[in-house]
Amino acid sequence: MAAERVRTLASQRAVVIFGASNCCMCHAVQTLFTEMGVSWAVHELDKDPRGKDVERALAGMVGQSPPVPTVFIGGALVGPTDRVMSLHLGGQLVPLLRQAGALWL
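Notes on the structure in this doc start here. (Residues numbered from 1 in each chain as written. Predicted model: local features only at pLDDT ≥ 70, side-chain atom pairs only at ≥ 80, totals over all residues. Heavy atoms only, no water.)

## Some thoughts on helix H1 (residues 2–10)
Working step 1: Taken together, the buried positions of H1 are occupied by Ala2, Arg5, Val6, Leu9 and Ala10. All buried residues of H1 fall inside an arc of 130 degrees around its axis, so they share one side.
Working step 2: Structurally, H1 contributes buried residues whose contacts are with strand E1 (15–19), strand E2 (41–44), helix H3 (51–62) and strand E3 (70–73). (Buried < 20%, exposed > 50% of the residue type's maximum accessible area, 1.4 Å probe, protein only. Helix = DSSP H or I, 4+ residues; strand = E, 2+ residues; numbered from the N terminus. Arc of directions from axis to C-beta. Contact = heavy atoms within 4.5 Å.)

## Observations concerning the environment of Met61
Working step 1: Within the element layout of this structure, Met61 appears in helix H3.
Working step 2: Aside from chain neighbours lying at most four places away, what touches Met61 is Ala3, Val6, Arg7, Phe72 and Leu77.

## Some points on the packing of helix H2 (residues 24–35) against helix H4 (residues 81–89)
Working step 1: Packing of H2 against H4 brings their axes to within 10 Å, and their N-to-C directions diverge by 30 degrees. Between H2 and H4, the angle falls in the class roughly parallel. Classified by chirality, the crossing of H4 by H2 is left-handed. Residue-level inspection shows Met25, Ala28, Val29, Leu32 and Phe33 of H2 in contact with H4, the latter providing Thr81, Val84, Met85 and His88.
Working step 2: Within the contact of H2 with H4, the residues separate by chemical class into 7 nonpolar, 2 polar and no charged. (Axes fitted to C-alpha atoms, helices over the stretch in contact; angles between N-to-C directions. Parallel < 35°, antiparallel > 145°, perpendicular 65-115°, else oblique. Left-handed = near helix turned anticlockwise from the far one by under 90°. Nonpolar A, V, L, I, M, F, W, Y, C, P; charged D, E, K, R; others polar.)

## Notes on the side chain of Gln30
Working step 1: Here Gln30 is to be found in helix H2.
Working step 2: If near-sequence neighbours (up to four positions away) are discounted, Gln30 is found in contact with Ile17, Trp40 and Val42.

## What about unusual backbone geometry?
Working step 1: The omega torsion of the bond from Ser65 to Pro66 falls at 0 degrees, within 30 degrees of zero and hence cis.
Working step 2: Along the polypeptide, Pro66 turns up in the loop between H3 and E3.
Working step 3: Note the cis peptide between Val68 and Pro69, where omega equals -5 degrees.

## Some remarks on the sheet that holds E2
Working step 1: In spatial order, the strands read E2-E1-E3-E4; together these 4 strands make up an open sheet with mixed pairing. The two strands at the open ends of the sheet, each matched to only one other strand, are E2 and strand E4 (76–79). On average, adjacent strands in this sheet sit at an angle of 25 degrees to one another, irrespective of strand direction.
Working step 2: Examined bridge by bridge, E1 and E2 share 4 bridges and lie parallel to one another. Residue pairing in the sheet places Val16 in a bridge with Ala41 of E2.
Working step 3: Taken strand by strand, H1 contacts E1, E2 and E3, and its axis lies near 140 degrees from that of E1. (Pairing = 2+ DSSP bridges.)

Have a look at this one:
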């Protein structure tokens, strides 16, 4: 049930971040996308009544706990901060964002 909710929420925008309001890595990922000109949506699990269930589902998907932030681009799981930064440093993040319609330039 929670995994289905994750997939539904992740497909609602080109870039979706599952995070927590007090998570510094979540803030870093959000700042990266903002500075790139990407419009993103965030689901803060600590403010969601069903957040613990979603958190468990995400932990299973990414293989780490806590699983925040977890980023989806174009509805597809990208992963946590290290994966996003690796794609960015390797020049692969921008094409992925363009393909998802999150970047136009």
